[in-house]
Amino acid sequence: MTIRPLVILPDPVLRRASDPVGPITAEIRTLVADMFETMYDAPGVGLAAIQIGVAKRVVTIDTSKEEGVRDAKVFINPEIIWSSEEMRVYDEGCLSIPEYYGEVERPDRVRVRFRDIDGNEQEIEAGGLLSTCIQHEIDHLNGVLFIDHLSKLKRDRVIKKFAKAAKRDAA
Ligand code: GNR
Ligand code: NI
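Residues numbered from 1 in each chain as written. Chains lettered and ligands numbered in written order. Predicted model: local features only at pLDDT ≥ 70, side-chain atom pairs only at ≥ 80, totals over all residues. Heavy atoms only, no water.

In the nomenclature of an unreviewed UniProt entry, the protein corresponds to Peptide deformylase from the organism Methylobacterium longum. Under the Sequence similarities (unreviewed entry) heading, UniProt states for the protein: "Belongs to the polypeptide deformylase family." Turning to the protein, the UniProt annotation filed under Function (unreviewed entry) states: "Removes the formyl group from the N-terminal Met of newly synthesized proteins. Requires at least a dipeptide for an efficient rate of reaction. N-terminal L-methionine is a prerequisite for activity but the enzyme has broad specificity at other positions." (UniProt positions renumbered as here; feature names shortened; annotations may be inferred.)

Okay, structure coming up:
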């Protein structure tokens, strides 16, 4: 297993839509293992494959709060099949936009269909942090970032800041 470098804003890779996964091959299993390694190292509660530069519809999530207890969840080709009318606001962050946070309003609960690591179709209904996180990750699979849900003023400001930092790092 390998910790892979994270793709950081404003890298255009983050704007790519990811491709559906076909059969669960050894390559996919290695990708999932590397995603967990990278996510736990960061640390983050979720990761989409595109954040390590792989445009495949694979998401890892662990929202367990207790220290030392892991609850590793994998979502392959996840789709939201139902969203609650009720909304909730959460102060979101993203490993691809380090140290920036913003309040995003999303449906409170969602029902998600996906394939598990054995390729079996599954459905879950999620609330709380898992609901927020899975919606954030599915956005990544479509090239959407949480800052796209903020005002244009806030979004443009953060993109500008990260573009400057990237330029500085390249120099
Ligand atoms: O680690 C993460 N924390 C987080 C907090 C609130 C809402 C969403 C997230 S996901 C984020 C990791 C990440 O960037 N996943 O794409
Ligand atoms: Ni993110």
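Caption draft 1: Seen up close, helix 1 (residues 26-41). Between the first and last C-alpha of helix 1 there are 22 Å, a value that for 16 residues agrees with the 22 Å anticipated at 1.5 Å per step. By the burial criterion, the buried members of helix 1 are Ile28, Leu31, Val32, Asp34, Met35, Phe36, Thr38 and Met39. If you follow the buried residues of helix 1, they end up packed against strand 1 (46-48), strand 2 (58-61) and strand 3 (73-83). (Helix = DSSP H or I, 4+ residues; strand = E, 2+ residues; numbered from the N terminus. Expected span 1.5 Å × (residues − 1). Buried < 20%, exposed > 50% of the residue type's maximum accessible area, 1.4 Å probe, protein only. Contact = heavy atoms within 4.5 Å.)

Caption draft 2: Seen up close, the coordination of the nickel ion (ligand 2). Distances from the nickel ion (ligand 2) to its protein donors, namely Cys94 (SG), His136 (NE2) and His140 (NE2), fall within the range 2.1 to 2.4 Å. Spacing between the donor residues of the nickel ion (ligand 2) along their common chain follows C-x41-H-x3-H. Taken together, the residues span a long stretch of sequence, with Cys94 in the loop between strand 4 (87-92) and strand 5 (102-107) and His140 in helix 2 (residues 128-141) at a distance of 46 residues. Each member of the pair, Cys94 as well as His140, is classed as buried. (Donors = N, O, S within 2.8 Å, 3.2 Å for Na, K, Ca; no water.)

Caption draft 3: Representation of the pattern of salt bridges. Across all of its chains, the model carries eleven salt bridges by this definition. Ionic pairing is found between Glu27 and Lys56, a salt bridge with its closest N-O pair at 3.9 Å. Taken together, the positions of Glu27 in helix 1 and Lys56 in the loop between strand 1 and strand 2 put the pair 29 residues apart, joining distant regions of the chain. Of the charged contacts in the structure, one is a salt bridge between Lys152 and Asp156, with a shortest N-O distance of 2.8 Å. In this pair, Lys152 and Asp156 are both assigned in helix 3 (residues 152-170), four residues apart and thus about one turn of the helix distant. (Salt bridge = Lys/Arg side-chain N within 4 Å of Asp/Glu carboxyl O.)

Caption draft 4: Layout of the UniProt feature "binding site: Fe cation" (unreviewed entry) in the protein. On the UniProt side, "binding site: Fe cation" (unreviewed entry) is annotated at positions that read Cys94, His136 and His140 here. The annotated residues occupy 47 residues of the chain but converge on a single region, no pair of C-alpha atoms lying more than 10.2 Å apart. As for the annotated residues named above, the ones lining the largest pocket are Cys94, His136 and His140. Residues in contact with Cys94, not counting those within four places in the same chain, are Gln51, Tyr100, His136, His140 and Phe146. By relative accessible area, His140 is classed as buried at 1%. Beyond its immediate chain neighbours, meaning those up to four positions away, His140 contacts Arg16, Ala48, Ile50, Gln51, Cys94 and Leu145. (1 Å grid on protein atoms, 1.4 Å probe; cavity = no way out; pocket = protein on both sides within 12 Å on 5 of 7 lines; lining within 4 Å.)

Caption draft 5: Highlighting the pairing of strand 7 (residues 121-126). Two strands pair when backbone bridges link them, and strand 6 (residues 110-115) and strand 7 are joined in this way by six bridges, in the antiparallel orientation. Across the sheet, Phe114 pairs through a bridge with Gln122, a residue of strand 7. Taking the residues between adjacent antiparallel strands as the criterion, strand 6 and strand 7 are bridged by five residues, where Gly119 takes a positive phi near 85°. (Pairing = 2+ DSSP bridges.)

Caption draft 6: The arrangement of the layout of surface pockets in detail. By volume, the largest pocket amounts to about 420 Å³. Taken together, 23 residues make up the lining of the largest pocket; nearest its centre are Gly44, Val45, Gly93, Cys94 and Leu95. Counting only elements with at least two residues in the lining of the largest pocket, the list comes to strand 4 and helix 2. Top element by residues in the lining of the largest pocket is helix 2. It accounts for six residues. Here the lining of the largest pocket is built from residues that sort into twelve nonpolar, seven polar and four charged. Size it by volume and the second largest pocket reaches roughly 270 Å³. Looking at the second largest pocket, it is lined by 14 residues, and the ones nearest its centre are Tyr40, Asp62, Ser64, Glu66 and Val69. Among the residues forming the lining of the second largest pocket, the class breakdown is five nonpolar, four polar and five charged. (Points joined across faces, edges and corners; volume = space filled by probe spheres on them. Nonpolar A, V, L, I, M, F, W, Y, C, P; charged D, E, K, R; others polar.)

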